[in-house]
Amino acid sequence: MNESRTETDSIGAIEVPSDRLWGAQTQRSLAYFSIGHELMPREMIAGYAILKRAAADANHALGKLADQPHALIVQVCDEILAGRHREMFPLHVWMTGSGTQFNMNVNEVISNRACQLAGTALGGKQPVHPNDHANLSQSSNDTFPSVMHIAAAVGVAERLVPKIASLRDAIAAKAHAWSHIVKIGRTHLQDATPITLGQEWSGYASMLGDDIARLSAAQAGLYPLALGGTAVGTGINAPPGFAEAACSSIAKLTGLRFVTAPNKFAAQGAHDALVQLSGTLRTLAVSLAKMANDIRLLACGPRAGLAELRLPENEPGSSIMPGKVNPTQAEALTMIAAQVMANDVAVGIGGAGGMLEMNVYKPLMIHNIMQSITLMTDGADNFRRFLVEGTEPDLERIAEHVERSLMLVTALTPAIGYDRASQIAHHAMTHNQTLREAAMALGFVSAEDFDRIVDPARMVGNTS
């Protein structure tokens, strides 16, 4: 059995492993661009299968693609969407900035798998040619950005938003359960007026709800597709009606509202919608980091810190200190957040790198965006399952902090004035007294009035 076969492209002949479905251009990319360990996002494989299937349907309906190649392209794309042939897409991120080699990788796999199905020789390009049939009415310059939009929009809609919504709901459930637990609030990392634990956690839930709304808005910006613009946005070699028909098919296949972009020059020369999405992902990362940092700070201890929250003990925390348990889920989530913020920097630089009729930072941009989506999808799910759902308040510690706080004196300000209330707080601090003891010592308020006015439960406002 031959270990390789000869495939050809416009450059000439090249040997391809006999058990691989890719062709000459994929093999050249492996030879010249095997840089690093990062492969093209796997979501781009499914995205391209959706696009190629939709393009074949549109070309067939318009009389541009015969029955046999149309049926074979559809069958191969359905196989790819079912998860088959994933090992036939080996290309690295760090390649041509247009993603042409990845588009051709998909075209060549479709062609050669169609050859297998039809019983013809691999590399023979019959009955499905990688350019003339699989790439009919298309260019890498309009398909790759379209698939970037498809992959990102599907990732947000089907993976990221559901996991963030589940995390939000789990946090909201805790907020509701803890609505009656009065604790001390903190600003500048210093004691402040009381708040309920439920109010504190309701803020986290609301932040995530706002982030979901932002993601939905950014997702809508991905719906206009460059498909139909072909090489430079003019639509050369694409028949009238192709873009509309293909995008309509993509919308049906994904269940998302994809349409043809009204201006292909903007859609191909710039990728501002992806830059906006990346910025929105960064905003979500900021929310997750703030929340995780708050929770691990409130749980610090267990005896020498705030220790108001008890986190689940999932694994030992030290190789030298017996019994130590660390807030590892919070640490993982904050590291994810840092990576997402860094990814956004790369996406912004890539988006700004578009020149004239085409941006040539496409693989960089989609690699970072899809990594951000995946990291926060998985990170949010783990944080919910292994931290949020098992977290409980330390009621004794919370009550102790409330009792010892000096900022309860704020409630006295309307009755005795800011200056006298301040004197009480400083006197209590200096003499290691409670606020009540200091107030009695200074004679600024009666014991009866102090007990009536300084009631932490009345200082938290609406606890619902």
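Here the residue index of a chain counts from 1 through its sequence in written order. Whole-chain, interface and lining totals are the exception, using all residues; otherwise, since this is a predicted model, local features are given only for residues with pLDDT of at least 70 and side-chain atom pairs are given and counted only at 80 or more. With hydrogens and water excluded, all non-hydrogen atoms of the structure serve as input to the side-chain values.

All right, on to the overall build of the protein then. Strands are runs of DSSP state E lasting at least 2 residues, helices are runs of H or I lasting at least 4, and numbering of each runs from the N terminus. Along its length, the protein carries 16 helices and 8 strands. Dimensions of the protein along its principal axes, counting C-alpha atoms only, are 100 × 50 × 35 Å. Per-residue accessibility, obtained with a 1.4 Å probe over protein chains only, is compared with the maximum for each type, and a residue is labelled buried under 20%, exposed over 50%, and partly exposed between these values. Put simply, the protein has 464 residues, and 52% of those count as buried. Every residue pair with non-hydrogen atoms within 4.5 Å of one another is taken to be in contact. Taking contacts inside the protein between residues at least 6 apart in sequence as the whole, the part at least 24 apart equals 72%. In these tables, accessible area is a Shrake-Rupley quantity obtained with a 1.4 Å probe, and a residue counts as shielded only by the protein chains included in the view. Accessible area of the protein: about 20,800 Å², with a carbon and sulfur share of 54%. Side chains of the protein give 36 positive and 44 negative charges; the mean places of these two sets differ by 1 Å. In summary, the charge assignment counts Lys and Arg as positive and Asp and Glu as negative, without counting His or the chain termini. A charge is said to be at NZ when it belongs to Lys, at CZ for Arg, at CG for Asp and at CD for Glu.

Before going further, it helps to spend a moment on the nonpolar core. Here, nonpolar core refers to any group of buried Ala, Val, Leu, Ile, Met, Phe, Trp, Tyr and Cys residues whose side-chain atoms link them within 4.5 Å. Within the largest apolar cluster, 107 residues are counted, with the highest numbers of intra-cluster contacts made by Phe102, Trp201, Met291 and Phe383. If you tally residues by element for this core, the top one is helix H5 (residues 140-177), at 17 residues. Setting aside anything within four residues of it in sequence, one finds Trp201 in contact with Ile171, Lys174, Ala175, Trp178, Ile295, Leu309, Val388 and Thr391. Core analysis: the second largest hydrophobic core is formed by 20 residues, Ile416, Ala425, Leu435 and Met459 among them.

Now for unusual backbone geometry. A cis amide bond links Gln126 to the next residue, Pro127, at an omega of 10°. Position of Pro127 among the secondary structure elements: in the loop between helix H4 (100-118) and H5. Cis peptide bonds are those with omega within 30 degrees of zero, and the linkage from Gly301 to Pro302 qualifies with 10°. Tracing the backbone through its elements, the reader meets Pro302 in the loop between helix H9 (272-298) and strand E7 (309-310). Positioned with a positive phi, Ala307 is a non-glycine residue whose angle comes to about 55°. Secondary-structure assignment places Ala307 in the loop between H9 and E7. The phi torsion at Leu356 lies on the positive side, around 55°, for a residue other than glycine.

So, about the environment of Phe33. Topologically, Phe33 is positioned in the loop between helix H1 (24-32) and helix H2 (42-61). For Phe33 and Val161, which are 128 residues apart along the polypeptide, the C-alpha to C-alpha distance reads 34 Å. Residues within four places of Phe33 in sequence aside, it is in contact with His92, Trp94, Met95 and Gln101.

Next up on the list: helix H14 (residues 418-430). Helix length check: H14 (13 residues) gives 18 Å between terminal C-alpha atoms against 18 Å at 1.5 Å per residue, within 8%. Of the positions making up H14, those classed as buried are Ala421, Ile424, Ala425, His427 and Ala428. Down the axis of H14, the smallest arc covering the buried residues is 165°, so these residues share one side. Residues of H14 that are exposed and angled more than 90 degrees away from the buried face: Tyr418, Asp419, His426, Met429 and Thr430. Buried residues along H14 sit against helix H13 (413-416) and helix H15 (435-442). In the stretch just after H14, Asn432 is the one whose phi turns positive, near 55°. Between the first and last residue of a helix there are one fewer steps than residues, each counted as 1.5 Å, and that sum is the expected span. The directions from the helix axis to the C-beta atoms are what the arc is built from.

Below, the discussion takes up the pairing of strand E2 (residues 13-17). Of the two faces of E2, only one is covered, namely that formed by Ile14 and Val16; the face formed by Ala13, Glu15 and Pro17 stays uncovered. We treat two strands as partners when DSSP finds at least two bridges between them. Here 5 bridges tie strand E1 (residues 4-8) to E2, and the two strands are oriented antiparallel to one another. Bridge pairing in E2 places Thr8 opposite Ala13. Remark: 4 residues form the turn of the hairpin made by E1 and E2, two consecutive strands paired antiparallel; Gly12 in that turn has positive phi of roughly 145°.

What follows concerns the pattern of salt bridges. Salt bridges are defined by distance alone: a side-chain nitrogen of Lys or Arg within 4 Å of a carboxyl oxygen of Asp or Glu. Enumeration over the complete set of coordinates arrives at 23 salt bridges. Here Arg385 ties to Asp381 by a salt bridge, and the two come within 3.6 Å at their closest N and O atoms. With Arg385 and Asp381 both in helix H11 (residues 362-386) and 4 residues apart, this pair spans about one turn of that helix. Accessibility expressed as a relative area gives 40% for Arg385, which makes it partly exposed. Asp381 gets classed as buried once you look at its relative accessible area, which sits at 12%. Connected through shared salt-bridge partners, Lys163, Asp381, Arg384, Arg385 and Glu389 make up one network.

The pairing test for Phe, Tyr and Trp rings, Trp by its six-membered ring, is centres within 6.5 Å, and the orientation test on the planes gives stacked under 30 degrees, edge-to-face over 60, and tilted for anything in between. Tallied over the entire structure, the rule returns 7 aromatic pairs. Seen in terms of ring centroids, Phe89 and Phe102 are 6.5 Å apart; in terms of plane orientation they differ by 55°. Their pairing is tilted. Of this pair, Phe89 sits in the loop between helix H3 (67-81) and H4 while Phe102 sits in helix H4; the two residues are 13 residues apart in sequence, bridging distant segments of the chain. There is no split in this pair, since Phe89 and Phe102 are both buried. Aromatic side chains Tyr223 and Phe258 sit 5.4 Å apart centroid to centroid with 85° between the ring planes, which places their arrangement in the edge-to-face category. A residue pair is termed long-range when its members are at least 10 positions apart, and Tyr223 in the loop between helix H6 (197-220) and strand E5 (224-225) and Phe258 in the loop between helix H7 (242-254) and strand E6 (259-260) qualify at 35 residues. You can call Phe258 buried: its relative accessible area is 3%. Here the aromatic residues Tyr48, Phe89, Phe102 and Phe144 are joined through ring pairs into a cluster of three or more.

As a further point, take the side chain of Arg397. As for its placement among the helices and strands, Arg397 is situated in helix H12 (residues 395-404). Buried within the structure, Arg397 lacks any salt-bridge partner; its nearest side chain of opposite charge belongs to Glu400, at an N-O separation of 4.4 Å. Within 3.5 Å is the distance limit for a polar contact, defined as a pair of N or O atoms, with the added protein rule that one can donate a hydrogen and the other accept it, and that residues adjacent in sequence qualify only through two side-chain atoms. Within the structure, Arg397 has its side chain in polar contact with the backbone oxygen of Gly305 (distance 2.5 Å). Not counting residues within four places of it along the chain, the set of residues in contact with Arg397 comprises Pro302, Arg303, Gly305, Leu306 and Ala307.

Moving on to the environment of Asn141. By the secondary structure assignment, Asn141 is in helix H5. A polar atom in the side chain of Asn141 sits 2.8 Å from the backbone oxygen of Ala231.

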